[in-house]
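Residue-level listing of the chains:
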Amino acid sequence: MTDPSPRRLVLWGVGTSRTLRAHWALHELGLDYECRPILPRSGETKTPEYTSLNPRQKIPLLEDGDFKIAESPAIAAYLSNTYGTCENSLIPTEPRAHATWLEWCFYTVTELDATSLYVMRRHGDLKHIYGEAPVALESASAYFATQLRHAEQALQDRRPFLVGDRLTTADILLTTCLTWAVDYRVPVTAACLNYMETITARQAYRAGLAANNPRTA
Ligand SMILES: N[C@@H](CCC(=O)N[C@@H](CS)C(=O)NCC(=O)O)C(=O)O
């Protein structure tokens, strides 16, 4: 029997660090959603249906009724701004805390993700698609180590969250980069590992991880 009342929130994509960010944010906010478990490099991001939703042919993508939004940091921020409450908001509002949150978000997605880890992925595991480039791979790994000093230094005080006294989307972004780095056997230093251990013990992280698993989605 078909569901007579399709859910409003539909998340496309499973199986990657970027898709995990969206699943995890949905669980932090306690939101009910439908998952379309398409995978990267499977042809599923290139179908005419999906291409009409996202011409970039990338996952994740969120549909909320007639609104759609891609880019994992934007999806997490949209969900918090739209559905977050005083109790579970994932974005600080006080101007300086908000600016610091933005700084962590941009640092993580530009310096750690796009410039370092993704370059390593493209020219490492995905070299059959993006080309072999050992020099780029090595320099991206060294760049990651230098850039990670910022997080390592900030986390020396053993703070549980990057900004303020609760989880924000910046924690979601940084944690997914740290777990990605650990999977890649890129050295991650002590304070970052302690921080990651605390954050990944959260129930919403566990639930997001299960939802992001292509075998269970
Ligand atoms: N900046 C985007 C990156 C999205 C991205 O690169 N997604 C990859 C998987 S992690 C993808 O969809 N690749 C498409 C494909 O290979 O089919 C985000 O953070 O959402």
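Residues numbered from 1 in each chain as written. Predicted model: local features only at pLDDT ≥ 70, side-chain atom pairs only at ≥ 80, totals over all residues. Heavy atoms only, no water.

Considering the packing of helix H1 (residues 17-28) against helix H3 (residues 72-83)
So, point 1. At their nearest, the axes of H1 and H3 sit 9 Å apart, and the two run at 5° to each other. Judged by the inter-axis angle, H1 sits roughly parallel to H3. In this structure, H1 uses Arg 18, Arg 21, Ala 22, Ala 25 and Leu 26 to contact H3, whose residues at the interface are Ser 72, Ile 75, Ala 76 and Leu 79.
So, point 2. Taken together, the residues of the contact of H1 with H3 sort by class into six nonpolar, one polar and two charged. (Axes fitted to C-alpha atoms, helices over the stretch in contact; angles between N-to-C directions. Helix = DSSP H or I, 4+ residues; strand = E, 2+ residues; numbered from the N terminus. Parallel < 35°, antiparallel > 145°, perpendicular 65-115°, else oblique. Contact = heavy atoms within 4.5 Å. Nonpolar A, V, L, I, M, F, W, Y, C, P; charged D, E, K, R; others polar.)

Things to note about the nonpolar core
So, point 1. One finds Leu 79 and Leu 148 to be the most contacted residues of the largest nonpolar core, which totals 55 residues.
So, point 2. Of all elements in the fold, only strand E1 (9-12), H1, H3, helix H4 (95-123), helix H6 (134-154), helix H7 (169-183), helix H8 (190-199) and helix H9 (203-211) reach the threshold of two or more residues within this core.
So, point 3. Here this core spans two domains, and each of domain 1 (9-89) and domain 2 (95-202) adds at least three residues to it.
So, point 4. With residues up to four places along the chain from it excluded, the contact list for Leu 79 reads Leu 9, Ala 22, Ala 25, Leu 26, Leu 29, Leu 31, Leu 62 and Gly 84. (Core = buried A, V, L, I, M, F, W, Y, C linked by side-chain atoms within 4.5 Å. Buried < 20%, exposed > 50% of the residue type's maximum accessible area, 1.4 Å probe, protein only. Domains from an automatic or database assignment.)

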